[in-house]
Amino acid sequence: MATEAQAQWVLTATGRSPTNIAVIKYWGKRDEALILPVNDSISVTLDPDHLSATTTVAASPAFPSDRMWLNGKEIALSGGRFQSCLREIRKRARDVEDEKRGIKIKKEDWEKLHVHIASYNNFPTAAGLASSAAGFACLVFTLGKLMNVNEDYGELSSIARQGSGSACRSIYGGFVKWCMGKNDDGSDSMAVQLVDESHWDDLVIIIAVVSSKQKETSSTSGMRDTVETSPLLQYRAQTVVPGRILKMEEAIKNRDFESFARLTCADSNQFHAVCLDTSPPIFYMNDTSHRIISLVEKWNHSEGTPQVAYTFDAGPNAVLIARNRKTAALLLQRLLYCFPPQQNNLDSYMVGDKSILSSAGVQSLADIEALPPPPEMKTPTQKFKGDVSYFICSRPGAGPKVLTEERHTLIDSATGLAKGV
Ligand SMILES: Nc1ncnc2c1ncn2[C@@H]1O[C@H](COP(=O)(O)OP(=O)(O)OP(=O)(O)O)[C@@H](O)[C@H]1O
Ligand SMILES: C[C@@](O)(CCOP(=O)(O)OP(=O)(O)O)CC(=O)O
């Protein structure tokens, strides 16, 4: 442990973790406390440049308690999920030595050292864009680095799972499967990487942010109600999902977009069907979500083979996966035709990979006005100005990584407090 002379040191680590979007959904727990699911799920990790959490964790003998700041505001760490992650990571902490600064922390010291945590999401929090997935994966990954925990990613994913189920999949890049496991203690419920982000890198992901307000029913309480009341969930978990998981793994391995898209859309629709089968029913999608489904379905049908897959989590935002950039550009033309921006600023209407706009031949608001109606839409197509808040263009991305540059550090190493608060 630190000597008197060293008592004021603050040791920090900073990491960045991506979010992920499920193509075979997790919905329903068989154990609420350990966060054990009723079925396997599969997701694609999104490029962290566009959607990620950045977290700095700090330890110091000068800290009297554990504290956390999220997006600049202090939040309570007393919740069971944060406590589970902290407890499980501390159990696995090992000796740490920083010779230059004369810091020596023994394995057993970690139980007594308090931590400060500061995290920032580069996208809206609690808006159905899986901030909890990026956030808990980042917390566990970064604490693991600070405390020199063995780099067993399976084990890290099973700790992140105890923060938020979907977080276990954000420990890896590319396509990831969360194996539900069988053990009552959850020891075999963890994520595995199916393929890394380079395996299928021509996919382009466009997210239509339909509403960035906080949603009415959280995933946690929504899925609890579904487990208690939906007869359809049993059928989904036991009969439908196991077959879909095998087919989805095959589709991903073979980069078979047609199967991938059919499975992705069907599974999103079934997830929303079990929400509707819940008592009282849960509605996550809204009219705009339904219009986007219809736009994609019509286009896919007219092409004879799927060009785009859609999937919706516990909110109205559409996640659209296009088979390649050319298809993504054609998709964007359709989306911009139907959902022109309310604001006079094209730049803020497309975030992430903005270059998709020029691929779609759109440089200005006048270009959006001039877009022809999609040919597959036979009846005069209505426009829904302002129904989409903005779009994010992304792609499959890499897993968590350590950030070493000082500018990324969110905790002031002199005060031990979150910067800028
Ligand atoms: N960067 C972060 N670090 C740690 N925890 C976070 C972070 N971001 C979000 N969280 C936790 O996740 C909670 C939000 O999760 P919630 O499930 O409500 O929304 P979401 O994950 O954005 O949406 P969804 O899971 O439906 O896609 C926050 O209240 C906070 O507890
Ligand atoms: C619809 C989903 O996004 C549900 C995610 O649920 P959470 O992981 O947010 O729920 P908790 O485990 O209770 O924290 C589907 C998915 O990501 O697989």
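All figures in this text were calculated on a predicted structure; none of them were measured in a lab.

K.L.:
Got a minute to help me understand the sheet that holds strand 1 (residues 11–18) in this structure?
P.N.:
On the basis of which strands lie adjacent, the open sheet formed by six strands has the order 8-7-11-6-1-19 and mixed pairing. Edge positions in the sheet fall to strand 8 (73–75) and strand 19 (401–402), since each has one partner strand and no second. Relative to strand 19, strand 1 is paired through two bridges, and the arrangement is antiparallel. Looking at strand 19, one finds that Arg 16 is bridged to Lys 401. On top of the sheet, helix 1 (residues 80–91) reaches strand 7 (67–70), strand 8 and strand 11 (114–121); it is set at about 125 degrees to strand 11, its chief contact.

K.L.:
Hey, could you run me through the site of ligand 2 in this one?
P.N.:
Lining the immediate environment of ligand 2, one finds 18 residues, of which Tyr 26, Lys 29, Arg 81, Ser 164 and Ser 166 sit closest. Within the side chain of Asp 313, an N or O atom sits 3.2 Å from an oxygen atom of ligand 2. Here ligand 2 has 460 Å² of accessible area as a free molecule, and 94% of this is covered by the chains. Examining the composition of the shell around ligand 2, we find that three residues originate from one element, helix 4 (residues 219–229), more than from any other.

K.L.:
How should I be thinking about the pattern of salt bridges in this particular structure?
P.N.:
Side-chain pairing between opposite charges can occur once the charged atoms of the two side chains come close. Enumeration according to the criterion identifies 24 salt bridges in this entry. Here Arg 291 and Asp 387 are joined by a salt bridge, their closest N and O atoms 3.9 Å apart. In this pair, Arg 291 is assigned in helix 7 (residues 287–303) and Asp 387 in the loop between helix 10 (365–369) and strand 18 (390–394), connecting sequence segments 96 residues apart. Among the residues examined, Arg 291 registers a relative accessible area of 30% and is labelled partly exposed. Close ionic contact of Asp 347 with Lys 354 constitutes a salt bridge, the shortest N to O distance being 3.2 Å. Using a relative accessible area of 48% as the deciding quantity, one classes Asp 347 as partly exposed. Among the charged side chains, a network of salt bridges with common partners joins Arg 87, Glu 88, Lys 91, Arg 92 and Glu 155.

K.L.:
Would you mind showing me how to read the confidence of the model for the protein here?
P.N.:
As a note on interpretation, predicted positions should not be read in detail where pLDDT is low. Looking at the protein as a whole, its pLDDT mean stands at 95, while 97% of the residues score no less than 70. The complex prediction reports pTM at 0.96, with the ipTM value standing at 0.97.

K.L.:
What is the right way to look at the sheet that holds strand 16 (residues 318–322) in this model?
P.N.:
Paired through backbone hydrogen bonds, the strands of a sheet run either parallel or antiparallel to each other. With mixed pairing, five strands are arranged side by side in an open sheet as 15-16-14-18-17. Pairing within the sheet leaves two strands with one partner each, and these edge strands are strand 15 (308–311) and strand 17 (350–352). The mean inter-strand angle of the sheet, taken between neighbouring strand axes irrespective of direction, is 25 degrees. Here strand 14 (residues 204–209) runs beside strand 18; their pairing, made up of five bridges, is antiparallel. The residue of strand 18 that forms the bridge with Ala 208 is Phe 391. Taken strand by strand, helix 7 contacts strand 14, strand 15 and strand 16, and its axis lies near 155 degrees from that of strand 15. Where helix 8 (residues 325–338) meets the sheet, it contacts strand 14, strand 15, strand 16, strand 17 and strand 18, and its direction lies at approximately 15 degrees from that of strand 14.

Parameters at a glance
Along each chain, residues carry numbers from 1 onward, in the same order as the chain's sequence is written. Chains and ligands are labelled sequentially in the order written, the chains with letters from A and the ligands with numbers from 1. Two thresholds apply to this predicted model, a pLDDT of at least 70 for residue-level local features and 80 or more for giving and counting side-chain atom pairs, whereas whole-chain, interface and lining totals are computed over all residues. As a rule here, side-chain values come from all non-hydrogen atoms in the structure, and water together with hydrogens is ignored. The criterion for strand pairing is that DSSP finds at least two bridges linking the strands in question. Starting at the N terminus, helices and strands are each numbered in turn, a helix being any DSSP run of H or I of at least four residues and a strand any DSSP run of E of at least two. Contact definition: two residues touch when any of their heavy atoms are within 4.5 Å. Convention adopted: a line fitted to C-alpha atoms gives each axis, helices being fitted over their contacting stretch, and angles between N-to-C directions are expressed from 0 to 180 degrees. Neighbouring residues are identified by heavy atoms, a residue being near a molecule or strand if any of them is within 4 Å of it. Polar contacts here mean pairs of N or O atoms no more than 3.5 Å apart (in protein, one a potential hydrogen donor and the other a potential acceptor; neighbouring residues in sequence count only if both atoms are side-chain atoms). Here, Shrake-Rupley sampling with a 1.4 Å probe gives the accessible areas, and only protein chains in the shown set may cover a residue. The salt bridge criterion pairs a side-chain nitrogen of Lys or Arg with a carboxyl oxygen of Asp or Glu, the two atoms within 4 Å. In this scheme, a residue with accessible area under 20% of its type's maximum is buried, one over 50% is exposed, and one in between is partly exposed, where area comes from a 1.4 Å probe on protein chains only. The quantity known as pLDDT measures the predictor's confidence residue by residue, on a range of 0 to 100.

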